[in-house]
Amino acid sequence: EVESILQTPVKGAKSSERSDGTFKISQCLYTAAEIGKSVNLDLIQADPNEPSKRSPKDFWKEKFDPYENEEPKTNRRDEKEQGAQSKKITGLGDEAYWVSNRFGSVLYVLIGDAFISIGIGGTDDEQTKLGKSKALAQKALQRL
């Protein structure tokens, strides 16, 4: 599925899982034959072994509510310095955002009290990367 969406062979997949003390983060890195076209997919969920008052949905609200109207309502210098731009995406999960900065672009999709992030490398233009990211997100959401 990843190969067909990326339109390039995938050499391998490496998965890992960790806890940051609040969330369980499951990650899968798909390495493409063209290394720059690799895909990183993360699933962020509440860590059942670490009771916390902060849920992934709480984190989502903190991160994305400032972008609700597509204009950041935040004074965080690091976001302004990096030139973070956020675009709300409709029709994907409960909510979705495409976030771009000088380091790349990532699609974030909220589903229930968990969310996924998908980052694709390579030289494709933003619209192509967004299209591929959305297709990968749809496949990932079918498995949750």
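All of the points below concern the structure found in this document. Bear in mind the structure is a predicted one, so any value in this text is a computation, not a measurement. Each chain carries its own residue numbering, running from 1 in the direction its sequence is written. For this predicted model, a pLDDT threshold of at least 70 governs which residues receive local features, and a threshold of 80 or more governs which side-chain atom pairs are given and counted, while totals over whole chains, interfaces and linings are taken from all residues. Heavy atoms from the whole structure form the basis of all side-chain values; hydrogens and water molecules are not counted.

## Comments concerning helix α4 (residues 126–142)
Part 1: Across its 17 residues, α4 extends 24 Å between first and last C-alpha, which sits within 8% of the 24 Å expected from 1.5 Å per residue.
Part 2: Of all the residues in α4, the buried ones are Lys129, Leu130, Lys132, Ser133, Leu136, Ala137, Ala140 and Leu141.
Part 3: Throughout, a contact is declared for two residues whenever any of their heavy atoms are within 4.5 Å. Counting from the N terminus, the helices are DSSP H or I runs at least four residues long and the strands are E runs at least two residues long. Each element contacted by the buried residues of α4 is listed here: α1 (2–6), β3 (39–46), β4 (85–89), β5 (95–101), β6 (104–111) and β7 (114–120). To estimate how far a helix should extend, the number of its residues minus one is multiplied by 1.5 Å. Any residue under 20% of the maximum accessible area for its type is buried, any over 50% is exposed, and the rest in between are partly exposed; the area is computed with a 1.4 Å probe on protein chains only.

## A closer look at the nonpolar core
Buried together is how nonpolar side chains tend to be arranged in soluble globular proteins.
Part 1: In plain words, nonpolar cores are sets of buried Ala, Val, Leu, Ile, Met, Phe, Trp, Tyr and Cys residues tied together by side-chain atoms within 4.5 Å. Leu92, Leu107, Val109, Ile116, Ile118, Leu136 and Ala137 are the most contacted members of the largest nonpolar core, which totals 20 residues.
Part 2: For this core, the secondary structure elements donating two or more residues are α1, β3, β5, β6, β7 and α4.
Part 3: The element best represented in this core is α4, accounting for 5 residues.
Part 4: Look past the residues within four positions of Leu107 in its chain and what remains in contact with it is Ile89, Leu92, Tyr97, Trp98, Ile116, Ser117, Ile118, Leu130, Ser133, Lys134 and Ala137.

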